[in-house]
Amino acid sequence: MTTNLSFFKLRQISVKCPSCETPFATFELARTPQVTAQTPMEADLHRVLPDAHLRAALIAMCPSCIYTWWLSSFQEYHLLPQVVADSPPVSPSKKFAHAVHSGRQFEVHAVDQAVLALNGYWCSREEGVDGKKFLQLAKVQLIQALADNDWSGNRSRYAYILGEIHRLLGEFGEARFRYEQVDKMAGLPLELVDRMTMFAANGNNNPVRLPPHMVEAIFLNKRSATA
Ligand SMILES: [Zn+2]
């Protein structure tokens, strides 16, 4: 691993595929530095990681049936990683594309598909490749989730995130429409929603880094919901 990982740490572990039961070796994110006001966060409410492999370690890919999903849903296996098969050597963002495919195959809820696709977009940027396809997919899935009356997630917060997705895609009218649906249930500072509404009005589709006081308000305020 490169030295710019600083306080992040990856560790190899053995897991068992929940789909075909094949044991295989994969990496897990064994240590993540705590969030402080100086932690790089962007306005779509994600933490910028210094290496794409860190985010890719949040998902695991079975070498036998290619089932790919969040590592937390795989059971640990008792043999050492050195004696079981390795996970396929795909690039971090490709791994997320496989996870999207598995999510479709297993018909997970639209919001879970959206969160996965968003991570695929963030991972692509961390890898230095274009992640617009993931962003488009996250948009479609999030619109579907918000239209599902049986879904009980934080609609206000996801409306804000959908606003950000639209803004990043250059769809400024749709972005402002979604920002207007954000209320105090989102647990977000009004200043943030106002600022992003202004950016959309000015036709700004760039990723926006959150200033330290907003990182504090959103991620270090115990009363606000977590992303
Ligand atoms: Zn498998």
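Small disclaimer: the values here were computed from a predicted structure and weren't measured.

> Account for the confidence of the model for the protein, with residues named and values stated.
Looking at the protein as a whole, its pLDDT mean stands at 94, while 95% of the residues score no less than 70. In the model, residues 1–5 has pLDDT below 50 throughout and makes 6 contacts with residues more than four positions away in sequence or in other chains.

> Provide a residue-level description of the packing of helix α5 (residues 155–168) against helix α6 (residues 172–179), including the pertinent values.
It is at 8 Å that the axes of α5 and α6 come closest, and there the two elements cross at 165 degrees. Viewed along their axes, α5 and α6 adopt a mutual orientation that is roughly antiparallel. The crossing of α5 and α6 is left-handed. Here A159, Y160, L162, G163, H166 and R167 of α5 lie close against α6, whose contacting residues are F172, E174, A175, R178 and Y179. Residue composition of the contact of α5 with α6, by class: 6 nonpolar, 2 polar and 3 charged.

> An account of the sheet that holds strand β2 (residues 23–31) is requested, with residue identities and associated values reported.
One open sheet accounts for 4 strands, arranged β7-β1-β2-β8; its pairing is mixed. Either end of the sheet is taken by a strand with one partner, and the two such strands are β7 (75–76) and β8 (85–86).

> So what's going on with unusual backbone geometry? Residues and values would help.
Excluding glycine, most residues fall at negative phi; most peptide bonds, likewise, are trans. In the Ramachandran plot, E21 falls in the positive-phi region, its phi being about 70 degrees despite a non-glycine side chain. Among the structural elements, E21 can be located in the loop between β1 (9–16) and β2.

> If you had to explain the nonpolar core to someone new, which residues and values would you point to?
Judged by nonpolar contacts, the single largest core of 52 residues is most densely connected at A117, A138 and L142. The greatest single-element share of this core, amounting to 8 residues, is contributed by helix α3 (residues 110–127). In this structure, L142 is in contact with A114, Y158, I161, L162 and I165, ignoring residues within four places of it in sequence.

> Would you mind going over the pairing of β2 in detail, with residue names and values included?
In the sheet, β1 pairs with β2 via 8 bridges, with the strands oriented antiparallel. Residue L10 lies in a different strand from β2, and its bridge partner there is L29. Counting the residues between successive antiparallel strands, the hairpin from β1 to β2 contains 6 residues, one of them, E21, with a positive phi of roughly 70 degrees. Bridge count for β2 against β8 is 2 bridges, and the pairing is parallel. Following the sheet pairing, A25 is matched in β8 by D86.

> Go over the environment of M196 with me, naming the residues and quoting the values.
Along the chain, M196 falls in helix α7 (residues 190–201). Each C-alpha atom, one on M196 and one on D44, is 9.9 Å from the other, the two residues being 152 residues apart in sequence. Beyond its immediate stretch of four places on either side in the chain, M196 contacts A43, G163, E164, R167 and Y179.

> Requested: an account of the packing of α3 against helix α4 (residues 132–147), with residues and values cited.
Two elements in contact, α3 and α4, have axes separated by 8 Å at closest approach and are oriented at 160 degrees. It follows from the interaxial angle that α3 and α4 lie roughly antiparallel. Of the two possible hands of crossing, α3 and α4 adopt the one that is left-handed. Contacts between α3 and α4 involve A110, V111, Q113, A114, A117, L118, G120, Y121 and S124 from the former and F134, L135, L137, A138, Q141, L142, Q144 and A145 from the latter. When the residues that make up the contact of α3 with α4 are grouped by side-chain class, the tally is 12 nonpolar, 5 polar and no charged.

> Which residues make up α7, and what are the values?
Its 12 residues give α7 an end-to-end C-alpha distance of 16 Å, which sits within 8% of 16 Å, the value for a rise of 1.5 Å per residue. Elements in contact with the buried residues of α7: α5, α6 and α8 (212–219). Of the residues flanking the end of α7, it is G203, one or two places downstream, whose phi is positive at about 70 degrees.

What counts, and where the lines are drawn
- Residues numbered from 1 in each chain as written.
- Predicted model: local features only at pLDDT ≥ 70, side-chain atom pairs only at ≥ 80, totals over all residues.
- pLDDT = per-residue confidence, 0-100.
- Contact = placed C-beta atoms within 7 Å.
- Axes fitted to C-alpha atoms, helices over the stretch in contact; angles between N-to-C directions.
- Helix = DSSP H or I, 4+ residues; strand = E, 2+ residues; numbered from the N terminus.
- Parallel < 35°, antiparallel > 145°, perpendicular 65-115°, else oblique.
- Left-handed = near helix turned anticlockwise from the far one by under 90°.
- Nonpolar A, V, L, I, M, F, W, Y, C, P; charged D, E, K, R; others polar.
- Pairing = 2+ DSSP bridges.
- Core = buried A, V, L, I, M, F, W, Y, C linked by C-beta atoms within 7 Å.
- Buried ≥ 20, exposed ≤ 12 C-beta atoms within 10 Å, placed from the backbone.
- Expected span 1.5 Å × (residues − 1).

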